[in-house]
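Coordinates in review
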Amino acid sequence: MYLGIDIGTSGVKTVVMDENDRVAAEASAPLSSSHPRPLWSEQSPHDWWNAVAATLDELAKTSRTKMQSVRAIGLSGQMLGVALLDAAGEPLRPALLWNDGRAAAQCDELHRAIPDFADIVGCPAMPGFSAPKIAWLARHEPAVLDRARRILLTKDYVRLCLTGETASDRADASATLLMDTERGDWHDGILAACGIDRARLPRLIESADVSGTLRDALALRWHLPRGLPVAGGGGDNMCGGVGVGAVRAGAAYVSLGTSGVWCVANDRFLPARGGGMHTHRHAVPSLYAQHAVVLSAGGALAWVAGLLGRSDIGALLAEVAAARLSPADTPVFTPYLAGERTPHDDPELTAAFSDLTHRTGPLHLVQAVLEGVALALGDCHAALTGSGAAIDRIVLTGGGARSDLWARLMAAAVGKPLILTADRQAGPAIGAARLARASIGGPLIAASAGQDTGSVVAVDPDLADQLAQKKSRYRAHVSLSATEVG
């Protein structure tokens, strides 16, 4: 058995995976974010740890025998977070998250300081990434940054709590934009431009390296073997790729989580130089991961459900599917609730409904959100292929993939069939568990694990045509929003 822990934005998911890559037990715990100012998004590192501990407490109670058989632990987590810790390992302030847009000015400063920035790290500086956020802290909260003895990513803070070790894998670390991505080491010139040095950053290891061992007290608490190895792991995008089998060049996946993520594996380092795309190291040796991201996907669905006073999103989606609405009858929605990354790279872009009429009802609004996210992710696909990414296999995963309607809209917007795995939302946690097994010499993916055990969502020609007709109105609104913001 192997443990895979994924610390997401809206919650923690922990799985116990058997030797055949099947989930033998699982537990989850919620997380919430705070937004103290426009464009700000933060979480308490203590909340990450408490949620992880809650899932392991539950598994220790409900699956004691399985926990006693665990051989290694793997970690996955939301990327780009900035957690500042003092000398005792205590957080100095809430962590700045991946969807925090406060650091736009610092992006320009980094480009002036490091003219070949994108060629070194894999993309231009964008506000949600770690490097500009650290530069923002150096400018606006210098006393706090000066007190920080450690600067850690989300899963690496959890690693510290589990093992007492300060380490990060090169895949997740490459997305901080503090690293020479091809060389696999921190870039001292970029660190200096951000106001820090490498002494405050974790040592770098590979995703399938052992980073440390579980503390004895925690092993006793959770009925786990003493001395349990903890693997390097990776960011949730990279672990998601491992979890769905995107571990060769040309294999890709789309994750419908809080954000919408496109990730395609490539055996070449192709830095992105615009369009809100970014290239990092994959959790698999010798591979890189090209990314495109819509910042509000499942987050947009949760938002509209909240407006409508609907707490059961699954039931709401079932009602929308049963209504069999045509895209010709639904409004246009642009899902830029937190700005947008791909392809606009604009933290101030705003979301909106348009083409509302007296006939527009609650279900029309919900389907419009699903369509808007699908069209936005279609833009991501076009941006990636336009940059030279070769994509021959696409898996759809994440919580949103449980909606057959959303999956059909996605296939229609992208214009390619999508593969649904048997477990549509455990990708990063499964990937973390697979890396745990690899860390002790086992195979990354079990020979008996079938990657395409779910179903294939074919492109519905009528639905694709309807969305194509709607795309012109969608693009017109995007242009209008950008003009109004500018």
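About the cut-offs
- Residues numbered from 1 in each chain as written.
- Predicted model: local features only at pLDDT ≥ 70, side-chain atom pairs only at ≥ 80, totals over all residues.
- Heavy atoms only, no water.
- Helix = DSSP H or I, 4+ residues; strand = E, 2+ residues; numbered from the N terminus.
- Buried < 20%, exposed > 50% of the residue type's maximum accessible area, 1.4 Å probe, protein only.
- Pairing = 2+ DSSP bridges.
- Phe/Tyr/Trp six-rings, centres within 6.5 Å; stacked < 30°, edge-to-face > 60°.

1. What about the environment of Ala422?
- Here Ala422 is to be found in the loop between strand E23 (418–420) and helix H16 (427–439).
- Residue Ala422 is classed as exposed on the basis of its relative accessible area of 61%.
- When the C-alpha positions of Ala422 and Glu19 are compared, they lie 17 Å apart, and in sequence the two are 403 residues distant.

2. Quick word on the pairing of strand E22 (residues 393–397)
- The element E22 is extensively covered by neighbouring structure, given that five of its five residues are classed as buried.
- Residues Arg393, Val395 and Thr397 of E22 are buried on one face, and the alternating residues Ile394 and Leu396, pointing to the opposite face, are buried as well.
- Relative to E22, strand E16 (residues 251–256) runs parallel, the two sharing five bridges. Each bridged residue has a counterpart across the sheet, and for Ala251 the counterpart in E22 is Arg393.
- Bridge count for E22 against E23 is two bridges, and the pairing is parallel. Bridge pairing in E23 links Val395 to Ile419.

3. Things to note about the packing of aromatic side chains
- Going through the model one piece at a time under the given rule, you end up with seven aromatic pairs.
- For the ring pair Phe269 and Tyr288, a centre distance of 5.3 Å and an interplane angle of 45 degrees mean the geometry is tilted. On the criterion of sequence distance, the pair formed by Phe269 in the loop between strand E17 (260–266) and strand E18 (278–281) and Tyr288 in strand E19 (residues 288–294) is long-range, its members being 19 residues apart. Each member of the pair, Phe269 as well as Tyr288, carries the same accessibility label: buried.
- Ring geometry for Phe333 against Phe353: centres 4.7 Å apart, planes inclined by 40 degrees, an arrangement best described as tilted. Of the two residues, Phe333 sits in strand E20 (residues 332–334) while Phe353 sits in strand E21 (residues 352–354), which places them 20 residues apart along the sequence.
- According to the relative accessible area criterion, Phe333 is buried, its value standing at 1%.

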